[in-house]
Amino acid sequence: MGAREGTALRGGREGGEAGKRREGTAGRIGEGCADEHRMKSAMSKRKLKDTCGASAECISQVQKILRERFCHRPSATGKLFGIEFQYRHLLELLKRTTLHGESNSALIVGPRGSGKSTLLNHVLKHLREMKQVRGNLLEVHLNGLLQTSDKVALKEITRQLQLENVVGDKVFGSFAENLAFLLEALRKGDRTSSCPVLFVLDEFDLFVHHKNQTLLYNLFDISQSAQTPVTIIGLTCRQDILELLEKRVKSRFSHRQIYLMNSFDFKQYIKIFKEQLSLPAEFPDEPFAQKWNDNIQHLSEDKIVQDVLQNLFHHTKDLRSLYFLLMLAVGAVTVHHPLLTAADLQEASRQHSTDSKANIVHGLSVLEICLIIAMKHLNDVYDGEPFNFQMVYNEFQKFIQRKAHSMYNFEKPVVMKAFEHLLQLELVKPLERPSARAQREYLLMRLLLDNTQIMDALQVYPNCPTDVKQWAASSLSWL
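Residues numbered from 1 in each chain as written. Predicted model: local features only at pLDDT ≥ 70, side-chain atom pairs only at ≥ 80, totals over all residues. Heavy atoms only, no water.

### Here we look at the overall build of the protein chain
Working step 1: When its secondary structure is counted, the protein chain shows 21 helices and 7 strands.
Working step 2: Here the protein chain holds 479 residues, and the buried ones make up 41% of them.
Working step 3: Restricting to contacts in the protein chain with at least 6 residues of sequence separation, those with at least 24 account for 74%.
Working step 4: For the protein chain, the exposed area adds up to about 27100 Å²; of that, 52% sits on carbon and sulfur atoms. (Helix = DSSP H or I, 4+ residues; strand = E, 2+ residues; numbered from the N terminus. Buried < 20%, exposed > 50% of the residue type's maximum accessible area, 1.4 Å probe, protein only. Contact = heavy atoms within 4.5 Å. Areas by Shrake-Rupley, 256 points an atom, 1.4 Å probe, with all protein chains shown as cover.)

Okay, here's the thing in structure tokens:
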């Protein structure tokens, strides 16, 4: 072997070993890159998981804050809208009782949802925070739905004033004597140092129906006499409440009435919408809260959202309806859908305005639908006068004869059974309570659905026969 060949052979072996070393180094570098990629991927997944967790926590907080705001309306945590004047008036009235020992009486009158309880709770919260009043005002809250008699009301007054031990087994000659004893037990000396008592009578109009209005008479009588300072505040939705009071009760009432009528305009309604959906400044995640509030501001200027709110505003100014609509919309917020949209409010509006009676119609049989259409035509022909089963059956028979086929030709007992089912569903109601001797076929009835509800229900009724739809749409009865 020549020197050059030996050198070449050694070079080849050395080159091969160098190549192996380079391949090994490249392999180790490749493995290092793969490990680094795996580490980055794992870190990215952990980061994404942490981000999703934070977002889920934010959404949970949003749902909690807003639901509490919408559901706990009678609390004093919310804001007052359009009743600031009434607030100042009631606050001044109760201040005179708590600070100066004056006795008063007043009624807060307004439709349901106008803010009567909210107004009173705001005033009481303000009073409890005053240093001069704190711990110096006794409150007794009664509700006409719960305290259905004077005896039950007196027992509740005793319980709330914590005087059960003082009363013990004492026997009183009259209601007035019992009440006077309770108030006397609270006295701490003269009138100026006596602890004032506030009686709140919710559903005030129901107390009017108690026997002889004894509770009201004695409360108003005490508020006029020089005894313990007592103020009676009644809450009612009856505008004619004074007409229901007996003369002796009315003469002892101060005739102060505070009216709540939801007098705000649509511009203020939009402002209420924004304030109720906005997150507070102390929300834990400030960037998210800012993003949420900016989105609510944008929604309040959206034409679709304004149309939804305008429809509800014209239907009712009751703020509870607005809160219910917003509750439905907030229910659509999730981690993957973190901000409200106009479509959410549209869907909430559709659910809010769903007619429960129309939904019942969707589950009726075709025979029952035909009976409702027959009643609709009877209402049209006889201008809403009551009808009986026999009239409905005759109207139904005209439709069958007009179509000249037996598809809907049921026996009379079967039709009667379908009619009774409508009665059970309260889509039809009798004008008077049926007696045992009365014939079922001739009992006078009234339909509890109007024409619009019937036609809207038929449009979405599954597989409704065409001739039945045509019969419902016809303006004249099948004479």
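### Some details on unusual backbone geometry
Working step 1: One non-glycine residue, Gln-162, adopts positive backbone phi at about 55 degrees.
Working step 2: Assignment of secondary structure puts Gln-162 in the loop between helix H4 (150-160) and helix H5 (164-167).
Working step 3: The backbone of Glu-203 shows a phi angle near 55 degrees, a positive value even though the residue is not glycine.
Working step 4: Within the element layout of this structure, Glu-203 appears in the loop between strand E3 (197-202) and helix H7 (204-207).
Working step 5: Relative accessible area serves as the criterion here: at 13%, Glu-203 is assigned to the buried category.

### Brief notes about the pattern of salt bridges
Working step 1: Taken as a whole, this structure holds 13 salt bridges when the rule is applied.
Working step 2: The shortest N-O distance in the salt bridge between Asp-380 and Lys-376 comes to 3.6 Å. Of the two residues, Asp-380 and Lys-376 are both situated in helix H17 (residues 366-381); the distance of 4 residues between them amounts to about one turn of the helix.
Working step 3: On the basis of relative accessibility, which here comes to 5%, the residue Lys-376 falls in the buried class. (Salt bridge = Lys/Arg side-chain N within 4 Å of Asp/Glu carboxyl O.)

### Section: the sheet that holds strand E4 (residues 230-236)
Working step 1: One open sheet holds the 5 strands; their spatial order is E2-E3-E4-E1-E5, and the pairing between them is parallel. Two strands close off the open sheet at either side, each with one partner strand: strand E2 (138-143) and strand E5 (257-259). Looking at each pair of strands side by side, their axes are set apart by 15 degrees on average, direction ignored.
Working step 2: Of the pairings in the sheet, the one linking strand E1 (residues 104-109) to E4 comprises 6 bridges and is parallel in character. By the bridge assignment for E4, Ser-105 is matched with Ile-232.
Working step 3: Where H4 meets the sheet, it contacts E2 and E3, and its direction lies at approximately 150 degrees from that of E2.
Working step 4: Across the sheet, helix H8 (residues 214-224) touches E1, E2, E3 and E4, and the angle it forms with E4 is around 135 degrees. (Pairing = 2+ DSSP bridges. Axes fitted to C-alpha atoms, helices over the stretch in contact; angles between N-to-C directions.)

### Describing the packing of helix H11 (residues 266-277) against helix H12 (residues 286-300)
Working step 1: Taken N-terminus to C-terminus, the directions of H11 and H12 make an angle of 160 degrees; their axes are 10 Å apart at the nearest point. For the element pair H11 / H12, the angle class is roughly antiparallel. Handedness of the H11/H12 crossing: right-handed. Packed against H11, whose contacting residues are Ile-270, Phe-273, Lys-274 and Leu-277, the element H12 presents Trp-292, Ile-296, Gln-297 and Ser-300 at the interface. (Parallel < 35°, antiparallel > 145°, perpendicular 65-115°, else oblique. Left-handed = near helix turned anticlockwise from the far one by under 90°.)

Purely geometric stuff here, so don't read any function into it on its own.
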